[in-house]
Amino acid sequence: MVFQIEDIHKSFGKKQVLKGIDFSAQSGQAFGLLGRNGAGKTTTIRIIMNVFPADSGSVLLDGAPFSKSGLQIGYLPEEHGLYPKIKVREQLIYLAELRGVSGKKAKQSIDYWVARLGMQEYANRKLDTLSKGNQQKIQLVAALMADPAMVILDEPFSGLDPVNAALLKDVVKELIEKGKIVLFSSHQMSYVEEFCDAIAILHEGKIALSGSIQQIKRSYDRRTLVVRSLQPGPLLDFANGTLGGYLQSAEMRKNQVFLHMKEENCKAQVIEILAKEGPEIDSVAVYEPSLNDIFVQTAGDDNETKGGEAV
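Now for a description of the structure that goes with this document.

Basis of the calculations
Residues numbered from 1 in each chain as written. Predicted model: local features only at pLDDT ≥ 70, side-chain atom pairs only at ≥ 80, totals over all residues. Heavy atoms only, no water. Pairing = 2+ DSSP bridges. Helix = DSSP H or I, 4+ residues; strand = E, 2+ residues; numbered from the N terminus. Axes fitted to C-alpha atoms, helices over the stretch in contact; angles between N-to-C directions. Phe/Tyr/Trp six-rings, centres within 6.5 Å; stacked < 30°, edge-to-face > 60°. Buried < 20%, exposed > 50% of the residue type's maximum accessible area, 1.4 Å probe, protein only. Parallel < 35°, antiparallel > 145°, perpendicular 65-115°, else oblique. Contact = heavy atoms within 4.5 Å. Nonpolar A, V, L, I, M, F, W, Y, C, P; charged D, E, K, R; others polar.

Turning next to the sheet that holds strand S8 (residues 181-185). By way of backbone hydrogen bonds, the strands of a sheet pair with one another, either parallel or antiparallel. Spatially, the six strands line up as an open sheet ordered S6-S7-S8-S3-S9-S10, and their pairing is mixed. Since the sheet does not close on itself, it has two edges, and those belong to strand S6 (73-76) and strand S10 (206-212), each with one partner. When the angles between neighbouring strand axes are averaged without regard to direction, this sheet yields 15 degrees. Two elements, strand S9 (residues 196-203) and S10, share six bridges in a ladder whose sense is antiparallel. Among the inter-strand pairings, Ile199 is bridged to a residue of S10, identified as Gly211.

The strand order across the open sheet built from four strands is S2-S1-S4-S5, with neighbouring strands paired in antiparallel fashion. Across the chains shown, the open sheet's two edge strands, defined by having one partner strand only, are strand S2 (15-26) and strand S5 (64-65). Relative to S2, strand S1 (residues 2-12) runs antiparallel, the two being bridged by nine bridges. The residue of S2 that forms the bridge with Lys10 is Leu18.

Glancing now at the packing of aromatic side chains. Counted by the stated rule, this structure contains nine aromatic pairs. When the centroid spacing of 5.0 Å and the interplanar angle of 15 degrees are considered together, the rings of Phe23 and Phe31 count as stacked. In this pair, the class of Phe23 matches that of Phe31, namely buried. Clustering of aromatic rings is evident, with ring pairs tying together Phe157, Phe184, Tyr191 and Phe195.

Where helix H3 (residues 103-116) contacts helix H5 (residues 162-177), the axes come no closer than 11 Å and their chain directions differ by 135 degrees. Relative to H5, the element H3 lies oblique. Seen from H3, the contacting residues are Tyr112, Trp113 and Arg116; seen from H5, they are Leu167, Asp170, Val171 and Glu174. Class assignment of the residues belonging to the contact of H3 with H5 gives a composition of four nonpolar, no polar and three charged.

This is the structure we're talking about:
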């Protein structure tokens, strides 16, 4: 399946929130919808969920107008939407039946996901007696219990400790392997990079950048090498001396030496000289910006980014 948003506009009164956004997501892949607070992510998700319609534009599934009634969507909202004073299992069964899942099948699915997420001991407790992290896991059960074809995860790792975050990672990977469409919205860029094949960055109601994460990264200047060594000081001295003719500059950050070359085609020569003549090195890699750097450059206020990663 291919899910598409085409030229969506939405205004509330005089405020134009979405200004013609386009993106597409496919089965068996995770797509990251990113943006600062107020960029339009929540409005986009609510249009997909048919909470309210777009003013114009199209929401399509395999090229045809999208109808939520014809496709189960699992939605994990950033703000919890379950009933705090009702027992967990009771409200999960009620919500599953509202989605058209029979009582028997609902109980089987709920039992599976409650066990999968290690929540058996909490199933008969009222929701507001659970910790924030465990409430998040119950919200995830509610999103997945109807076996949706499309799953929207809005800040899914909020409130989770590292153990439960690892558990959720496994669940997300399973959803992708099962061919679900996974729409992922988060400010935690490390998780986005881990799961998502492609992204769209919303900025002031428009798509400021979209496409494959790998292709986006490769579009950046690739004239910098990151060299790791147990002797970063001597390595920096060697670079400034022997390699000076190839370099615009060399610098050390956190015991890594960054070699900024004059020309991209110098990389092979520089690596050969390092291997033959330089101090012992552990690794050499082309510098690429992290997704966090790309996000700040795209959606920030002309902030200068620092850091990044080598791949």
